[in-house]
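Below are the chains, spelled out letter by letter.
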Amino acid sequence: MRDLVLRLKMYLDYKNLGIIDLSVILGYNSPQKLYRLFNTENASPSCQIIEDIADKFHDINLNWLFSGRGHMLTNMQDDGGFKDKYYKCLEEKEQLYLQLLRESGLDTK
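None of these values were measured; they are calculated from a predicted model.

Colleague: Help me out: how do you make sense of the overall build of the protein in this one?
Modeller: Of the regular secondary structure elements, the protein holds six helices and zero strands. Across the protein, helices and strands are ordered from the amino to the carboxyl terminus as α-α-α-α-α-α. Taken across its 109 residues, the protein has 28% of its residues classed as buried. Entry remark: accessible area of the protein is about 8000 Å², with carbon and sulfur atoms responsible for 52%.

Colleague: What's the story with the pattern of salt bridges in this structure? I'm lost.
Modeller: If charged atoms from side chains of opposite charge come close, those side chains can pair. Counted according to the given criterion, the structure contains two salt bridges. The partner of Asp-13 in a salt bridge is Lys-9, and the shortest N-O contact between them spans 2.8 Å. Here Asp-13 pairs with Lys-9, and both are found in helix H1 (residues 2–14), just four residues apart, close to one helical turn. The exposure class assigned to Lys-9 is partly exposed, which follows from its relative accessible area of 38%. In this structure, the salt-bridge partner of Asp-59 is Lys-15, at a minimum N-O distance of 3.0 Å. With Asp-59 in the loop between helix H4 (47–56) and helix H5 (62–67) and Lys-15 in the loop between H1 and helix H2 (19–26), the pair connects residues that are 44 residues apart, well separated along the chain. The class of Lys-15 is partly exposed, set by a relative accessible area of 30%.

Colleague: Where do I start with H2 in this structure?
Modeller: Since the α-helix advances by 3.6 residues per turn, residues separated by three or four positions end up pointing in the same direction. Within the sequence span of H2, burial applies to Ile-19, Leu-22, Ser-23 and Leu-26. An end-on view of H2 places all buried positions within 100° of arc, on one side of the element. On its buried side, H2 packs onto H1, helix H3 (32–39) and H4.

Colleague: How do you make sense of the packing of aromatic side chains when you look at a structure like this?
Modeller: The geometry of an aromatic ring pair is captured by two quantities: the separation of the ring centres and the angle between the planes. All told, the structure shown has one aromatic pair when counted by the stated rule. Measuring from ring centre to ring centre gives 5.6 Å for Tyr-11 and Phe-57, while their planes differ by 85°; the resulting arrangement is edge-to-face. Taken as a pair, Tyr-11 in helix H1 and Phe-57 in the loop between H4 and H5 lie far apart in primary sequence, 46 residues in all. Phe-57 gets classed as buried once you look at its relative accessible area, which sits at 8%. Geometry around Tyr-28 places Lys-33 over its ring, the cationic atom sitting 4.2 Å from the centre.

Colleague: I would appreciate a short explanation of the side chain of Asp-52 in the present structure.
Modeller: Residue placement: Asp-52 occurs in helix H4. With no salt bridge to any partner, buried Asp-52 finds its closest opposite charge in Lys-33, at an N-O distance of 5.4 Å. Polar side-chain contacts of Asp-52 include one of 2.6 Å to the side chain of Tyr-28. Discounting residues that sit within four places of it in the chain, Asp-52 has contacts with Leu-26 and Tyr-28.

Colleague: Just checking my understanding: could you explain unusual backbone geometry for this structure?
Modeller: Trans peptide bonds make up the majority, and among non-glycine residues the majority have a negative phi. Despite not being glycine, Asn-16 shows a phi value in the positive range, around 55°. Structurally, Asn-16 can be placed in the loop between H1 and H2. For Asn-42, which is not glycine, the phi dihedral falls at a positive 65°.

Definitions and limits used
Residues numbered from 1 in each chain as written. Predicted model: local features only at pLDDT ≥ 70, side-chain atom pairs only at ≥ 80, totals over all residues. Heavy atoms only, no water. Helix = DSSP H or I, 4+ residues; strand = E, 2+ residues; numbered from the N terminus. Buried < 20%, exposed > 50% of the residue type's maximum accessible area, 1.4 Å probe, protein only. Areas by Shrake-Rupley, 256 points an atom, 1.4 Å probe, with all protein chains shown as cover. Salt bridge = Lys/Arg side-chain N within 4 Å of Asp/Glu carboxyl O. Arc of directions from axis to C-beta. Contact = heavy atoms within 4.5 Å. Phe/Tyr/Trp six-rings, centres within 6.5 Å; stacked < 30°, edge-to-face > 60°. Lys NZ or Arg CZ within 6 Å of the ring centre and 35° of its normal. Lys, Arg positive; Asp, Glu negative; His and termini not counted. Polar contact = N/O pair within 3.5 Å; in protein donor to acceptor, adjacent residues only side chain to side chain.

This is the structure we're talking about:
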């Protein structure tokens, strides 16, 4: 279970959230049980903590949180969507460079 706590810490770091921030977001009166979770060796989150996190953070991939498989975020895609956007961005960038070259008179074509 320690890996689960480490992955949860990674997610909180990604979100730039500390234990107190998480406690407030989850609606806890005190951050004590979260402090224990992150600072006690071999601690594991209660079902209530996991349920609260899942209710408040819809972008966390629970499969990743529990098993380490997949992406940290649910909106990450393996279908090449990012690759397509990247290539489109490169094409647009190239067109801008060509336009700048033409406008500056440096175009050798």
